[in-house]
Amino acid sequence: MVKCGLEIHQQLATKKLFCECNSELSEEILYKFERVLRPTQSELGEIDRAALEESLKKRRFIYEVTPNSCLVEADEEPPHELNREALEIALKIALMLHAKIVDEIHVMRKIVIDGSNTSGFQRTALIAVDGYIDTFFGRVRIPTICLEEEAARKIEEKDGGVVYRLDRLGIPLVEISTSPDMKNGEQVKEVAERI
Amino acid sequence: MDTLRSKHIYKVKILSPNMEVEPGDLVEVKTKKGTFRGILMPKHEFSDENIIVLKLDNGYNIGLIPEEIKCIKKGIRRKKKSLYKFEKKDLPQISIISTGGTIASYIDYKTGAVHPALTAEDLIFSAPEIEEEANIKAFVLFNILSEDMNPLYWIQLARKIKDELKESHGVVIPHGTDTMSYTSAALSFMFSKLSGPVILVGAQRSSDRPSSDAYMNLISAVRVAKSDLGEVAVVMHATTSDDHCFIHRGTRVRKMHTSRRDAFKSVNSQPLGEVRGNKVIFYEGYRKVEEDVELYDKLDEKVSLIYYYPGMSGELMTRMLEGMDGAIIMGTGLGHISNEMIPLLKDFIRDGGVVGMSSQCIHGRVNLNVYSTGRKLKKIGVIPLEDMLPEVAYVKLMWLLGNFERDEVIKLLPQNLRGEISARRMIIW
Ligand SMILES: [Zn+2]
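Residues numbered from 1 in each chain as written. Chains lettered and ligands numbered in written order. Predicted model: local features only at pLDDT ≥ 70, side-chain atom pairs only at ≥ 80, totals over all residues. Heavy atoms only, no water.

S.K.: Tell me about the interface of chain B and chain A, and name the residues and values.
M.R.: Note on interface size: it is often stated as the accessible area lost on association of the parts. Between chain B and chain A, the contact holds 41 residues from the first and 47 residues from the second. Both sides together, the interface formed by chain B and chain A hides about 3,700 Å², and carbon and sulfur atoms give 51% of it. Three residues stand out in chain B for area buried against chain A, namely B:Lys33, B:Tyr60 and B:Pro210, and they jointly supply 21% of the buried area on that side. Between chain B and chain A we count five salt bridges in total. Across the pair A:Asp75 and B:Arg261 runs a salt bridge, and its minimum N-O distance is 2.7 Å. At the boundary of chain B and chain A, one finds 25 residue pairs in polar contact (both at pLDDT 80 or more). No other element matches strand β5 (residues 61-64) of chain B, which puts four residues into the side of chain B that touches chain A. For the side of chain B that touches chain A, the class distribution of residues is 16 nonpolar, 13 polar and 12 charged. One ladder, built from two bridges, connects strand β5 (residues 104-105) of chain A with β5(B); its direction is antiparallel. By the bridge assignment for β5(B), A:Glu104 is matched with B:Gly63. (Contact = heavy atoms within 4.5 Å. Buried area = accessible area lost by both parts, 1.4 Å probe. Salt bridge = Lys/Arg side-chain N within 4 Å of Asp/Glu carboxyl O. Polar contact = N/O pair within 3.5 Å; in protein donor to acceptor, adjacent residues only side chain to side chain. Helix = DSSP H or I, 4+ residues; strand = E, 2+ residues; numbered from the N terminus. Nonpolar A, V, L, I, M, F, W, Y, C, P; charged D, E, K, R; others polar. Pairing = 2+ DSSP bridges.)

S.K.: Account for the sheet that holds strand β24 (residues 354-359) of chain B, naming residues and giving values.
M.R.: Residue and element names in this part refer to chain B. Taking strand neighbours across the sheet as the criterion, the four strands line up as β22-β23-β24-β25 in an open arrangement whose pairing is parallel. Of all the strands in the sheet, the pair left with one neighbour each is β22 (303-307) and β25 (383-384). Sheet topology note: the strand β23 (residues 326-331)/β24 ladder contains six bridges and is parallel. Note that in β24 the partner of isoleucine 328 across the bridge is glycine 356.

S.K.: Give a description of the coordination of the zinc ion that names residues and reports values.
M.R.: Residue and element names in this part refer to chain A. Around the zinc ion, the protein supplies Cys19 (SG), Cys21 (SG), Cys70 (SG), Glu73 (OE) and Glu73 (OE) as donor atoms, at distances of 2.2 to 2.6 Å. All donors of the zinc ion belong to a single chain; written as a sequence motif, their spacing is C-x1-C-x48-C-x2-E. Accessibility expressed as a relative area gives 29% for cysteine 70, which makes it partly exposed. Judged by relative accessible area, which is 3%, glutamate 73 ranks as buried. (Donors = N, O, S within 2.8 Å, 3.2 Å for Na, K, Ca; no water. Buried < 20%, exposed > 50% of the residue type's maximum accessible area, 1.4 Å probe, protein only.)

S.K.: Pulling in residues and values, what's your account of the pairing of strand β20 (residues 279-282) of chain B?
M.R.: The pairing of strand β19 (residues 273-276) of chain B with β20(B) spans four bridges and is antiparallel. Directly across from B:Gly273, in β20(B), lies its bridge partner B:Phe282.

S.K.: I'd like to hear about the domain arrangement of chain B, residue by residue, with values.
M.R.: Segmenting chain B into domains produces domain 1 (2-73), domain 2 (83-295) and domain 3 (303-412). Here the C-alpha centre of domain 3 of chain B lies 56 Å away from the C-alpha centre of domain 1 of chain B. (Domains from an automatic or database assignment.)

S.K.: Quick rundown of the pattern of salt bridges? Include the residues and the values.
M.R.: Per the stated rule, a full pass over the model turns up 45 salt bridges over all chains. A salt bridge links A:Asp167 to A:Arg153, with the nearest nitrogen and oxygen atoms 2.7 Å apart. Residue A:Asp167 is located in the loop between β10 (161-165) and β11 (172-177), and its partner A:Arg153 is located in strand β9 (residues 153-158); the two are separated by 14 residues in the primary sequence. The burial state of A:Asp167 is the same as that of A:Arg153; both residues are buried. The shortest N-O distance in the salt bridge between B:Glu22 and B:Lys74 comes to 3.2 Å.

S.K.: I'd like a rundown of helix α4 (residues 214-225) of chain B, residues and numbers included.
M.R.: Residues and elements named next belong to chain B. With 12 residues, α4 should cover 16 Å at 1.5 Å per step; its first-to-last C-alpha distance of 16 Å lies within 8% of that length. Most of α4 sits inside the fold, with 11 of its 12 residues counted as buried. Listing the buried residues of α4 in full gives Ala214, Met216, Asn217, Leu218, Ile219, Ser220, Ala221, Val222, Arg223, Val224 and Ala225. (Expected span 1.5 Å × (residues − 1).)

Encoded structure:
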């Protein structure tokens, strides 16, 4: 029997998760800058020289600054407080899915060095655990509900490096992961629609 | 930043006989909401006191109110070395003297927490490539926050630099960025001769993030320390891009932004040069290294740095001058303060105090000849300080008062000794 799980990402139309920029896409480019990302010790433990050199070759990134990106997206200013409105929406979703909200929410860093985050990590917070949704075909468990920031938009890959645009970076995203409990396409559809 | 400093307060039953539970340990935590397994993290500064922080298998951190904690496996602790030395025969030796700050922090990869580098090894850990640049001798002299830096530390640091220059070609000093330009100015005045470059370097993003500027700044600083520059300089990012660093003269540089990588600017002057990849380029007019080192290591701490503002009371001014040997005023515009202050300064100068005037505009030269207030200030003996940065003037006056007689101090304060004053300022700034 085929079992199926889902990971659903829902963008929120609030301000961005860690700054006051608007959550929208933009075609207007104001400025470009270039960065290098390095694997950190947290990623590799001891740094391997050969691996480091190899990774450095690939990690030159060009970022396009748009009107809806500020110093926070450019990794030039510490993140502001987590957007309240986005948090409230995420908590509401968690309650609707019968999940247990953690006693204290901690924003943490998921290392991402493909350049899609200027900082080299994605900020993400686990909001709630052990939820579920009842469907016509039975109960589907939802182990985790997270609130995280959207990555920068990849524009092109060229010899000099990868080009990203900062408009999308930081848009709040609710990530809902289900257990592989679903038995057929109909059920998957039902879960996706209801969430 | 250093979350480890705050101690855990466990108001819970710890189910690990003979075992203390510490951050980094794998634990099982029983709560009202179920049992969670993960690595115990250092307590977050803003956390509620009943909360413990756990890193789950899926990498997420969560805060929990625990009922019981059980240690499953102890975390691994690293061994420490206090002096780190690499030796390859045909490379110059560079000493790295760490004083603290973001650049000298390292990450505990087990818990993800950022700590100040306590050992030389921690320091080199973030940029192992510098081994190929020079024979590195690294050690930690202080481990203090930038804001806790003071003249006594400057003196200790200067003496240590002098020692190191006996055997090293140059010196690199990782330093917190907040007060780095005060330290660079102090060292600039204290050394009248240098046999090698003295390079201060910092970071605006800590080395626990892949985007950190620490690596490029540090390696660029080491490259400058191999040059023939006989001055104290600050090496930091030139722009927001990771493409080149500027070499700023120690008496000209100022932190002009709270958080950007390119926060450091040369004010009223051009940088001394730049580092692009492994190329060190000097623009023009820098002092070359000399045969030996000459150090004047006395500082008179009885100097005030006074920011004048509309509404400042004469009473406050009096208090800020009381018991002082000198004062640097950050006046408005060309170098002005309210007329109410003039008699107070007159008394202070008559009683032996030295007063210099700089501008809170930061950019541009003061001029006490243009307006009547300026002329009055000049008449009572206030010394106009040209285009010297106020903080640099403050450090310079401390140094002058510490090492010279009053007449000499008054003569030297407005003179260019270490590139801190320029005769010309350019259209492009
Ligand atoms: Zn923004």
